[in-house]
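# Understanding the architecture of this molecule
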Amino acid sequence: MIEFENLGKSNQRFFKQFQTEFNSFSNSGWYVLGERVQNFEREFAEYIGTKYCIGVASGLDALILSLKALELPKGGEVIVPANTYIATILAIINADLTPVLVEPNLDSYNISPAAVVASLGPQTCAILCVHMYGNPCEMNSLVEICKNNNLKLIEDVAQAHGSTYFEKKLGSFGNTGAFSFYPTKNLGALGDAGAIVTDDEELAKKLTALRNYGSHSKYNFEYLGMNSRLDAIQAGFLSIKLRELDSMLEHKRKLAKLYLENLNSEFIIPSEKKGLKNTYHIFPIRHPKRDLLKKFLEENGIKTEIHYPIPPHKQKCMQDRFEAEYPITEDIHQTILSLPISFGHSEDDVLKVIEALNSFAQESK
Ligand SMILES: Cc1ncc(COP(=O)(O)O)c(C=O)c1O
């Protein structure tokens, strides 16, 4: 059986260090924010190449707090890809702003700069781009559009820790970059966690207060904030894993290369573009008989996932909110399949998956 992901297996190499960290953490008597969080914030900012990092409770909060801190006009329109995970859109709604969905490009699954330009209007105040599955968006175009139209740029980097656009890490292009450290992510905690990175000192100060009830100093509340503090123990675990992140990403890229070089041409595979480094949080393929393929793989002992089966605009909670059609997004949701690719998988595992996929391609001809 080849599992889609086994977090216990992926994290096994860190267990000893986690135990030492936990003993020191419990003895310290300091469980929320504090030194461990500050250390991780410094290390992660350095890793991404930004001046500041603010640890928060989740990726969703990192997005909500980014939008709140930027003081965008109430009800203002935020352009966002229609095929993102629902959290991106929920963040916009939770920040009292209006999501404007635009179609992605089929070859990258990322927001199309041309579709962004076509969606600009007098109420547009920001672009929230999402680096889907670990693949970098077209940052030069998006930064240019924001500059020319006086818009804020927020990057949703929940799926793209360590991915680069012409050598520059994602998250360092926007006014803020919002990260999730949900356990399945490339840099995953042992629970919920997130962070915001920025080069803007004022924004960083404000975000530091906003995550802590809007307070810079004890019992003085400057802003209407949230309780979205990063747990000290999660920060400790994340610091340990951050040291190995690049080698873990290289492992995933090696597995991705096997898929890219050996899968039958019947499968639509991610396109690798010059200058863009994808870290493959997910390895998606597309096939018109996706559901049959998923079943076939399951019968052959291979677990896969679908990211995502129902697009946000078709979800019950979004009923009546979006009237337009999003055919590209719907096509992606109907045909996409995520293959096993994790730190816990070996090259042998991936070769077995490839063999099964290629025999499906032969049989279904
Ligand atoms: C693109 C994207 N944005 C935001 C989030 C939200 O992150 P979290 O689950 O940490 O709140 C996720 C989580 O899966 C995500 O995939």
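Residues numbered from 1 in each chain as written. Predicted model: local features only at pLDDT ≥ 70, side-chain atom pairs only at ≥ 80, totals over all residues. Heavy atoms only, no water.

Moving on: unusual backbone geometry. Note the cis peptide between H307 and Y308, where omega equals 15 degrees. Turning to its location among the elements, Y308 is positioned in the loop between α11 (290–299) and α12 (327–335). The phi angle at Y133 is positive, at roughly 65 degrees, despite the residue not being glycine. Assignment of secondary structure puts Y133 in the loop between β4 (124–130) and α7 (139–149). (Helix = DSSP H or I, 4+ residues; strand = E, 2+ residues; numbered from the N terminus.)

This paragraph deals with the layout of surface pockets. What the largest pocket holds in volume is close to 610 Å³. Looking at the largest pocket, it is lined by 29 residues, and the ones nearest its centre are Y85, S180, Y182, K185 and Y308. Tallying contributions element by element places helix α5 (residues 86–94) first for the lining of the largest pocket, with 4 residues. No fewer than three residues from each of domain 1 (7–242) and domain 2 (245–363) sit in the lining of the largest pocket. (1 Å grid on protein atoms, 1.4 Å probe; cavity = no way out; pocket = protein on both sides within 12 Å on 5 of 7 lines; lining within 4 Å. Points joined across faces, edges and corners; volume = space filled by probe spheres on them. Domains from an automatic or database assignment.)

Our next topic: the site of the ligand. In the vicinity of the ligand lie 14 residues, with G59, L60, D156, S180 and K185 positioned nearest. Between an oxygen atom of the ligand and a main-chain N or O atom of L60, the distance comes to 2.8 Å. Here an oxygen atom of the ligand and a side-chain polar atom of Q159 are 2.9 Å apart. Protein burial of the ligand: of its 390 Å² of free accessible surface, 89% is covered by the chains. Of all the cavities here, the one that holds the ligand is the largest pocket. Mapped by element, the contributors of at least two residues to the shell around the ligand are α4 (59–69) and α5. Here the shell around the ligand takes 3 residues from α4, the largest share from any one element. (Near = heavy atom within 4 Å. Polar contact = N/O pair within 3.5 Å; in protein donor to acceptor, adjacent residues only side chain to side chain. Areas by Shrake-Rupley, 256 points an atom, 1.4 Å probe, with all protein chains shown as cover. Sits in = over half its atoms within 2 Å of the grid points.)

So, on to the domain arrangement of the protein chain. Once the domains are mapped, the protein chain shows domain 1 (7–242) and domain 2 (245–363). In this structure, domain 1 and domain 2 have C-alpha centres spaced 24 Å apart. Of the residues lining the interface, 40 residues belong to domain 1; the matching set on domain 2 comes to 40 residues. The contact between domain 1 and domain 2 buries some 3,500 Å² in all, and 59% of this surface belongs to carbon and sulfur atoms. Of all residues in domain 1, the largest losses of buried area upon contact with domain 2 belong to Y109, Y133 and N186, amounting jointly to 21% of the total for that side. A salt bridge links K273 to D107; its shortest N-O distance comes to 3.1 Å. At the junction of domain 1 and domain 2, the tally comes to 19 residue pairs in polar contact (both at pLDDT 80 or more). (Contact = heavy atoms within 4.5 Å. Buried area = accessible area lost by both parts, 1.4 Å probe. Salt bridge = Lys/Arg side-chain N within 4 Å of Asp/Glu carboxyl O.)

Time to look at the sheet that holds strand β2 (residues 77–81). Strands sit in the order β1-β9-β8-β5-β4-β2-β3 across an open sheet of 7 strands; the sheet is mixed. For this open sheet the edge positions go to β1 (52–56) and β3 (98–102), each flanked by a neighbour on one side alone. Geometrically, the sheet is characterised by an average inter-axis angle of 25 degrees between neighbouring strands, direction not taken into account. Taken together, the 5 bridges between β4 and strand β5 (residues 152–156) define a ladder with parallel strand orientation. (Pairing = 2+ DSSP bridges. Axes fitted to C-alpha atoms, helices over the stretch in contact; angles between N-to-C directions.)

Glancing now at empty space enclosed by the protein. Enumeration according to the criterion identifies 2 cavities of 30 Å³ or more in this entry. Size it by volume and the largest cavity reaches roughly 160 Å³. Forming the walls of the largest cavity are 14 residues, and the residues nearest its centre are E5, S10, K185, N186 and F343. Those elements giving two or more residues to the lining of the largest cavity turn out to be α1 (7–11) and α10 (245–262). Grouping the constituent residues of the lining of the largest cavity by class yields 5 nonpolar, 5 polar and 4 charged. Domain assignment of the residues forming the lining of the largest cavity places at least three in each of domain 1 (7–242) and domain 2 (245–363). Around the second largest cavity, the lining residues are S108, Y109, M132, Y133, N135, P270, N278, I282 and P284. Tallied by class, residues from the lining of the second largest cavity come to 6 nonpolar, 3 polar and no charged. (Nonpolar A, V, L, I, M, F, W, Y, C, P; charged D, E, K, R; others polar.)

So, on to the packing of α10 against helix α13 (residues 347–363). At their nearest, the axes of α10 and α13 sit 10 Å apart, and the two run at 25 degrees to each other. Classified by the angle their axes make, α10 and α13 are roughly parallel. Regarding α10 and α13, the two cross each other, and that crossing is right-handed. Taken together, the residues of α13 that come into contact with α10 (itself represented by K254, L255, L258, Y259 and N262) are E347, V350, L351, V353, I354 and N358. (Parallel < 35°, antiparallel > 145°, perpendicular 65-115°, else oblique. Left-handed = near helix turned anticlockwise from the far one by under 90°.)

Attention now goes to the pattern of salt bridges. Any two side chains of opposite charge can pair if their charged atoms end up close together. Taken as a whole and judged by the stated rule, the model has 15 salt bridges. We note a salt bridge from E201 to K205, for which the minimum N-O separation is 3.8 Å. In this pair, E201 and K205 are both assigned in helix α8 (residues 201–210), 4 residues apart and thus about one turn of the helix distant. Close ionic contact of K314 with E330 constitutes a salt bridge, the shortest N to O distance being 3.8 Å. Note that K314 is positioned in the loop between α11 and α12 and E330 in helix α12, a separation of 16 residues in sequence. We classify K314 as exposed; its relative accessible area is 51%. Bridged by salt links that share partners, the residues E201, E202 and K205 form one connected network. (Buried < 20%, exposed > 50% of the residue type's maximum accessible area, 1.4 Å probe, protein only.)

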